[in-house]
Amino acid sequence: MNRKICVAAAQMGPIARAEPRESAVARMMDMMRESHGRGARLVVFPELALTTFFPRWWMEDETELDSFYEEEMPGPTVAPLFELARRLEVGFCLGYAEIVREGNRKRRFNTSILVDPAGRVAGKYRKVHLPGHANHEPDWSFQHLEKAYFEPGDLGFPVFDAFDGRVGMCICNDRRWPETYRVMGLQGVEIVLLGYNTPVHYPRAPQLDHLQNFHNHLSMQAGAYQNGTWVVGVAKAGREEGCDLIGQSCIVAPTGEIVAMCTTLGDEVIVADCDLDRCSEIQDNIFDLALHRQPQHYGLISATHD
């Protein structure tokens, strides 16, 4: 069986705070059409692709905050994207803010879903590694309030049988943590889909600003190589509401090599033929986890530290 799949990374430029979802969805539909025209069977969109990156603002008005979340997926605004995917027989990965109501309690997650070519949700992931802070920091030029506006994901790092392979997802800051890839690697993952919104400037360690693009690729390339998996990393990029976001969305082979990369900070599609059988080059040799791992020595990794 030929397990080569053409995958598109659909990078998005900035989304203004006042930009309606209809506009973002229309942009994604244009890129889905372009991706299909270039042979893609799977299109990957960024983290929080339907709205601006709202955790950069402190919001006390619950109604205002709720307006950035989705209570159903697909809702009426996003349904056209699903309908287009069905017509084109193209699957996609979409990041969005999810609100779940349990009685009088609201649970908020930074979520991504995997949708198959028939328009059915084939998998869901909720971001585990939430960066930033939970308290109001008014002296900062922008804030990063993910810890205030989301709770850590409760689904773990699942891997799904889809697109003739084993597909996993993670989101933004997750990509920096080797455990993210390893947990999926232990489940035989063959392609990891992830979106990100990453500022150029990091207020708590500005001396690292010039390394943001390097660290972005370093973490994804290492995760790909050490687990023998394809990795597709897709940015929301450019100057969004005064905050500069990195781009360089890329597709990484199981060898750790970048095989395609965006060259702009706007809406841009890149594609690559991802041969899932290449994963075995690494998984059956360099990193044969069943043969070479020594988990009895790794206890500190999962131990709780004060």
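See the structure shown above.
Residues numbered from 1 in each chain as written. Predicted model: local features only at pLDDT ≥ 70, side-chain atom pairs only at ≥ 80, totals over all residues. Heavy atoms only, no water.

Novice: Talk me through helix α6 (residues 212-227); I want residue IDs and the actual numbers.
Specialist: If you check α6, its first and last C-alpha atoms are 23 Å apart, about what 16 residues at 1.5 Å a residue would give, namely 22 Å. For α6, every residue scored as buried is listed here: Gln212, Asn216, His217, Ser219, Met220, Gly223, Ala224 and Asn227. Along α6, the residues classed as buried sweep out an arc of 160° about the axis, all on the same side. The elements touched by buried residues of α6 are α5 (178-185), β8 (191-196), β9 (230-235), β12 (250-252), β13 (258-261) and α7 (279-286). Gly228, located one to two residues past α6, shows a positive phi value of around 60°. (Helix = DSSP H or I, 4+ residues; strand = E, 2+ residues; numbered from the N terminus. Expected span 1.5 Å × (residues − 1). Buried < 20%, exposed > 50% of the residue type's maximum accessible area, 1.4 Å probe, protein only. Arc of directions from axis to C-beta. Contact = heavy atoms within 4.5 Å.)

Novice: Please set out the nonpolar core residue by residue, giving values where relevant.
Specialist: Ranked by size, the top nonpolar core spans 46 residues in total, and within it Leu193, Val232 and Ile251 carry the most contacts. With 29 residues, the next largest nonpolar core counts Ile15, Met29, Phe45 and Phe92 among its residues. (Core = buried A, V, L, I, M, F, W, Y, C linked by side-chain atoms within 4.5 Å.)

Novice: Help me get a handle on the side chain of Thr111, residues and values and all.
Specialist: Position of Thr111 among the secondary structure elements: in strand β4 (residues 105-115). By relative accessible area, which is 0% here, Thr111 ends up buried. Of note is the side chain of Thr111, whose polar atom sits 2.7 Å from the side chain of Glu98. Sequence-distant contacts of Thr111, defined by excluding residues within four places in its chain, comprise Leu94, Gly95, Tyr96, Glu98, Lys124, Tyr125, Arg126 and Ile171. (Polar contact = N/O pair within 3.5 Å; in protein donor to acceptor, adjacent residues only side chain to side chain.)

Novice: A description of the pairing of strand β1 (residues 4-11) should follow, citing residues and the corresponding values.
Specialist: Burial analysis of β1 places 7 of its 8 residues in the buried class, which makes it a mostly covered element. Where β1 meets strand β14 (residues 268-275), 8 bridges bridge the pair, whose relative direction is antiparallel. Across the sheet, Cys6 pairs through a bridge with Asp273, a residue of β14. Bridge count for β1 against strand β2 (residues 42-44) is 3 bridges, and the pairing is parallel. Across the sheet, the residue bridging to Val7 is Leu42, located in β2. In this view, the connection linking β1 to its parallel neighbour β2 by way of helix α1 (residues 21-37) has right-handed handedness. (Pairing = 2+ DSSP bridges. Right-handed = clockwise from strand over helix to strand, strands pointing away.)

Novice: Give me the lowdown on the environment of Glu137, citing residues and values where you can.
Specialist: Turning to its location among the elements, Glu137 is positioned in the loop between β5 (121-126) and α4 (146-149). Glu137 sits in the partly exposed class, given a relative accessible area of 24%. On a C-alpha basis, the gap between Glu137 and Trp57 in space is 9.6 Å, while along the polypeptide they are 80 residues apart.

Novice: Break down the layout of surface pockets for me, citing the residues and quoting the values.
Specialist: Approximately 470 Å³ is the volume found for the largest pocket. Together, 19 residues line the largest pocket, and Pro131, Asn173, Arg176, Tyr202 and Gln212 are the ones closest to its centre. Its residues assigned to classes, the lining of the largest pocket shows 8 nonpolar, 9 polar and 2 charged. If you go around the second largest pocket, you meet 13 residues; those closest to its centre are Glu179, Arg182, Arg293, Tyr298 and Ile301. (1 Å grid on protein atoms, 1.4 Å probe; cavity = no way out; pocket = protein on both sides within 12 Å on 5 of 7 lines; lining within 4 Å. Points joined across faces, edges and corners; volume = space filled by probe spheres on them. Nonpolar A, V, L, I, M, F, W, Y, C, P; charged D, E, K, R; others polar.)

Novice: Would you mind going over the sheet that holds β8 in detail, with residue names and values included?
Specialist: To summarise the sheet geometry, strands pair through backbone hydrogen bonds and adopt either a parallel or an antiparallel arrangement. With mixed pairing, 6 strands are arranged side by side in an open sheet as β6-β7-β8-β9-β12-β13. Of all the strands in the sheet, the pair left with one neighbour each is β6 (159-162) and β13. Put simply, the sheet's adjacent strands are angled 20° from each other on average, direction ignored. Where β8 lies against β9, 6 bridges are found, and the strand directions are parallel. Paired with Leu194 across the bridge in β9 is Gly233. In the packing of α5 onto the sheet, contacts are made with β6, β7 (165-171), β8 and β9, and the angle to β7 comes to roughly 160°. (Axes fitted to C-alpha atoms, helices over the stretch in contact; angles between N-to-C directions.)

Novice: Before we move on, can you summarise the pattern of salt bridges with the specific residues and values?
Specialist: Oppositely charged side chains may form a pair once their charged atoms are brought near each other. Under the defined criterion, the tally for this structure stands at 30 salt bridges. Between Arg56 and Glu240 there is a salt bridge, with its nearest N and O atoms 2.9 Å apart. With a gap of 184 residues between them, Arg56 in the loop between β2 and α2 (62-66) and Glu240 in strand β10 (residues 238-240) connect regions that are remote in the sequence. Both residues of the pair, Arg56 and Glu240, belong to the buried class. The shortest N-O distance in the salt bridge between Asp161 and Arg166 comes to 3.0 Å. The partly exposed category is assigned to Arg166, whose relative accessible area is 24%. The network of salt bridges with common partners includes Glu98, Glu102, Arg105, Arg107, Lys124, Arg126, Glu151 and Asp154. (Salt bridge = Lys/Arg side-chain N within 4 Å of Asp/Glu carboxyl O.)

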